[in-house]
Amino acid sequence: MTLVNNQIILAERPKGMPDSDTFKVVQKDVAELEEGQVLVRTLFVSVDPYMRGRMQEGDSYIAPFKLNEVIKGGSIGEVVESKSGRFTPGDVVIGMFGWQEYYTANDLEIRKIDPSLAPISTHLGILGMTGLTAYFGLLEIGQPKAGETVVVSGAAGAVGSVVGQIAKIKGARVVGIAGSDEKIDFLKEELGFDEGINYRTTEDLVSDLKRACPDGIDVYFDNVGGGIADAVFTQLNRHARIPVCGAISAYNLEKVDNGPRVQTTLIKKSVLMQGFTVGNYSDRFNEGAMQLGQWLQEGKLKYHETIIEGFYHIPNAFLDLFKGNNIGKLLVKVADQQYGK
Ligand code: NAP
């Protein structure tokens, strides 16, 4: 019997916030496997802010999605059929299957994960791309030292929640900026952040930063850009470091958003501000994943996931990222494991 694969394609390039016209569900028959191919059934799909950038045309570190093609992204699945000696049915694998229920992979583009180490979903979060982003961005560019003050924006999200915890492991004072009181409570009570600021309800972010960071700010891990970054800039110490990880506040803007010029502050305070993508560190992913796994096992790192159930909810789950509806890593669960390997 022919299997039918539901796929979500990019139907239209969004202007501003994506909407129901941006995506379309289509059905495709799953073709017979060729030698060296593996059929994977999707279990978890990762939705990530960077995907918004790929919906746009233009020069970037990664090619734009093509119109009428499946939205590609990190996913975890289970092998259901294999014509490769490297995989057998029931293997749990990770790859870039994207927003579809089945994926026919060449055996070199997927990797087995060990389900006995941690829940399989963590390989899309704390042990995967977002955990590694936090690890390398903070430690390589931010270089926090004991006693310093680290501020992170998007603090309750997938990257930010790990950044703050690693900074605590390194002995820093950690202040998180996030968009709800529930998130601030989570950061302080669950993750051990020293202070939290709700940027949506604050009357004066600069004053709140002054109160939360009485010794100034040594590291600012920037996930959001915009007005939040402008406020943090006013409190930087000499030789502060700024890993520029993301600018989610700008991803859906239709007009360029100009803020204060940064050069004078960078010069006066000898500040290092460096953009990066996690891919810059791909030759060290094993090292990062091993360390994150060890901290997890030792109970020094905690993780939280917001899991939305159901394939058809993927587009709305993606939009939730821009509404702040997630705590920790946002994932969509598409199917249960059948083999339980
Ligand atoms: P996430 O933080 O789990 O989810 C996005 C969060 O951003 C939301 O929960 C929301 O939380 C916040 N947000 C949304 N719109 C905002 C706005 N206008 N102003 C301020 N905050 C806003 O997502 P993530 O995967 O961990 O990614 C975080 C950032 O890192 C993103 O900018 C992403 O592009 C970037 N990133 C970069 C790399 C890299 O290689 N450089 C890799 C992964 C991610 P609130 O409730 O706090 O608003």
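Read on for a plain summary of the structure. (Residues numbered from 1 in each chain as written. Predicted model: local features only at pLDDT ≥ 70, side-chain atom pairs only at ≥ 80, totals over all residues. Heavy atoms only, no water.)

Structural notes on a negative patch on the surface
Note the following rule: Residues qualify for a patch when their relative accessible area is over 30% and they have no salt bridge, like charges being joined within 9 Å and the nonpolar side chains of Val, Leu, Ile, Met, Phe, Trp and Tyr within 5 Å. In these tables, accessible area is a Shrake-Rupley quantity obtained with a 1.4 Å probe, and a residue counts as shielded only by the protein chains included in the view. Salt bridges are counted wherever a side-chain nitrogen of Lys or Arg sits within 4 Å of a carboxyl oxygen of Asp or Glu. When charges are counted, neither His nor the chain ends are considered; positive counts come from Lys and Arg and negative counts from Asp and Glu. Think of each charge as sitting on NZ of Lys, CZ of Arg, CG of Asp or CD of Glu. Counting from the N terminus, the helices are the DSSP runs of H or I reaching at least four residues and the strands are the DSSP runs of E reaching at least two.
Side chains of Asp 181, Glu 182, Asp 185, Glu 189 and Glu 190 sit close together on the surface and give a patch of like negative charge. Position of Asp 181 relative to the elements: it lies in helix 4 (residues 181-190).

Regarding the sheet that holds strand 9 (residues 173-178)
For clarity, the threshold we go by: We call two strands paired when DSSP finds no fewer than two bridges between them. Note on definitions: angles span 0 to 180 degrees between N-to-C directions of axes, and those axes are lines fitted to C-alpha atoms, for helices only across the stretch in contact. Note on contacts: a residue pair qualifies if any of its non-hydrogen atoms lie within 4.5 Å across the two residues.
Across the sheet, which stays open at both edges, the six strands sit in the order 10-9-8-11-12-13 with parallel pairing between neighbours. Edge positions in the open sheet fall to strand 10 (195-198) and strand 13 (272-275), since each of these has one partner strand only. On average, adjacent strands in this sheet sit at an angle of 15 degrees to one another, irrespective of strand direction. Sheet strands in contact with helix 4 are strand 9 and strand 10, and its direction is about 170 degrees off that of strand 10. This element, helix 5 (residues 205-212), spans strand 8 (149-153), strand 9, strand 10 and strand 11 (217-221) of the sheet and lies at about 175 degrees to strand 10.

Here we look at the site of the ligand
Defined as follows: Nearness is defined per residue: one heavy atom within 4 Å of the molecule or strand is enough. Any pair of nitrogen or oxygen atoms within 3.5 Å is treated as a polar contact; in protein, a donor-acceptor pairing is required on top of that, and neighbouring residues in sequence qualify only through side-chain atoms on both sides. These domain boundaries are the output of an automatic or database domain assignment.
Contacts to the ligand come from 28 residues, most closely from Lys 183, Tyr 199, Tyr 251, Val 278 and Asn 326. In this structure, an oxygen atom belonging to the ligand sits 2.9 Å away from a main-chain N or O atom of Gly 179. For the ligand, whose accessible area on its own is 910 Å², the fraction buried by protein is 92%. Of all the secondary-structure elements, those providing two or more residues to the shell around the ligand are helix 2 (129-142), helix 3 (158-169) and helix 9 (314-323). Among the elements that line the shell around the ligand, the one with the most residues is helix 2, at three residues. The residues that make up the shell around the ligand include at least three from each of domain 1 (4-125 + 304-333) and domain 2 (129-282 + 288-296).

So, the packing of aromatic side chains
Operational definition: The aromatic pairing rule takes the rings of Phe, Tyr and Trp, using the six-membered ring of Trp, and pairs them if the centres are within 6.5 Å, calling planes under 30 degrees apart stacked, those over 60 edge-to-face and the rest tilted.
For the coordinates displayed, the defined rule picks out twelve aromatic pairs. Judged by centre distance (5.4 Å) and plane angle (50 degrees), the rings of Phe 23 and Trp 99 are tilted. Of this pair, Phe 23 sits in strand 2 (residues 23-29) while Trp 99 sits in the loop between strand 5 (92-95) and strand 6 (102-106); the two residues are 76 residues apart in sequence, bridging distant segments of the chain. Members of the aromatic cluster, joined through ring pairs, are Tyr 135, Phe 136, Phe 221, Phe 276, Tyr 281, Phe 285 and Trp 295.

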